[in-house]
Amino acid sequence: MSKPHWRPAHASDLAAISAIAACIHPDLFERPDVFAEKMQLCPDGCRVLAGAEGIVGYGLAHPWKQHQIPPLDGFLARLPDDADCLYVHDVAVLPDARGGVARAYMATIEQLARSSDIAALALVSVYATRPLWERLGFRPVTTDVQLCAKLASYGDGATYMLRNLAAA
Ligand SMILES: CC(C)(COP(=O)(O)OP(=O)(O)OC[C@H]1O[C@@H](n2cnc3c(N)ncnc32)[C@H](O)[C@@H]1OP(=O)(O)O)[C@@H](O)C(=O)NCCC(=O)NCCS
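What you see is a predicted model; the values in this text were computed from it and never measured.

Colleague: Now, about the nonpolar core: what can you tell me, with residues and values included?
Modeller: One finds Val 88, Tyr 105, Met 106, Leu 121, Trp 133 and Phe 138 to be the most contacted residues of the largest nonpolar core, which totals 23 residues. Ranked by residues supplied to this core, first place goes to helix H3 (residues 101-115) with six residues. Grouped together as the second largest cluster of nonpolar side chains are 19 residues, Trp 64, Ile 69, Cys 85 and Tyr 160 included.

See the structure below:
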């Protein structure tokens, strides 16, 4: 059987994305419209992992400002004109399809950042995934009071992390 592969997300993938999100992030609910907006604003950053029997994962990323965290389940409204990072909102893959796929998604996102003259990637690590993101070149950033307040909605142990592409 062929291995699942990443491809651009389409509006018709929304139901599958929402179902996977509900399964993997039961305590971090986001409305389907919130995912749809990200797909509209940054189609190149939003991808799904397509397997033989359907969608088994997704990754959502968009240009943003470093040290700013979009609120969970909130609309972005617009992308900043002076974006200085690609913010990886989420990567979620069903357990059977895991193994090398986050690395593959991040390689695409890195390429997208470089071709857009954006020199950093950012994300909020949840569920003790910090070592995984460190393995992919991210470093935890000391957060100020404002950033800490925004991190609170992401649950205990959420960490804001950056990867400097210029240093790679
Ligand atoms: C996060 C997730 C997408 C990772 O998918 P994956 O296919 O297992 O990830 P990869 O295998 O590509 O891992 C990337 C690297 O991190 C490494 N890694 C994985 N878990 C690790 C851990 N606990 N500690 C250190 N390194 C780890 C991998 O070995 C790999 O490195 P390598 O390519 O040099 O071997 C998947 O686990 C998932 O969906 N988790 C639930 C949702 C979630 O937590 N998403 C992240 C939100 S911040």
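Colleague: How would you summarise the pairing of strand S4 (residues 85-93) if you had to cite specific residues and measurements?
Modeller: In terms of residue burial, S4 counts as a mostly covered element, since nine of its nine residues are buried. By the bridge criterion, eight bridges tie strand S3 (residues 54-64) to S4 in an arrangement that is antiparallel. Following the sheet pairing, His 62 is matched in S4 by Tyr 87. Where S4 meets strand S5 (residues 120-125), three bridges bridge the pair, whose relative direction is parallel. The residue bridging Val 88 from the neighbouring strand is Leu 123, located in S5. One crossover worth recording links S4 to the parallel S5 by way of H3, and it is right-handed.

Colleague: Account for helix H1 (residues 14-24), with residues named and values stated.
Modeller: Within the span of H1, buried status applies to Leu 14, Ile 17, Ser 18, Ile 20, Ala 21 and Ile 24. Projected down its long axis, H1 shows its buried positions confined to an angular sector of 165°, all on one face. Exposed side of H1, more than 90 degrees from the buried face: Ala 15 and Cys 23 are the residues found there. Buried residues along H1 sit in contact with helix H2 (32-41), strand S2 (47-51), S3 and S4.

Colleague: I'd like a description of the site of the ligand, backed by residues and values.
Modeller: Around the ligand, a shell composed of 22 residues is seen, among which Val 91, Val 93, Gly 99, Gly 100 and Arg 103 lie nearest. A distance of 3.5 Å separates an oxygen atom of the ligand from a polar side-chain atom of Arg 98. One of the side-chain N or O atoms of Arg 103 is found 2.5 Å from an oxygen atom in the ligand. When the ligand is considered free in solution it has 960 Å² of accessible area, and contact with the protein chains removes 72% of it.

Cut-offs applied
- Residues numbered from 1 in each chain as written.
- Predicted model: local features only at pLDDT ≥ 70, side-chain atom pairs only at ≥ 80, totals over all residues.
- Heavy atoms only, no water.
- Core = buried A, V, L, I, M, F, W, Y, C linked by side-chain atoms within 4.5 Å.
- Buried < 20%, exposed > 50% of the residue type's maximum accessible area, 1.4 Å probe, protein only.
- Helix = DSSP H or I, 4+ residues; strand = E, 2+ residues; numbered from the N terminus.
- Pairing = 2+ DSSP bridges.
- Right-handed = clockwise from strand over helix to strand, strands pointing away.
- Arc of directions from axis to C-beta.
- Contact = heavy atoms within 4.5 Å.
- Near = heavy atom within 4 Å.
- Polar contact = N/O pair within 3.5 Å; in protein donor to acceptor, adjacent residues only side chain to side chain.
- Areas by Shrake-Rupley, 256 points an atom, 1.4 Å probe, with all protein chains shown as cover.

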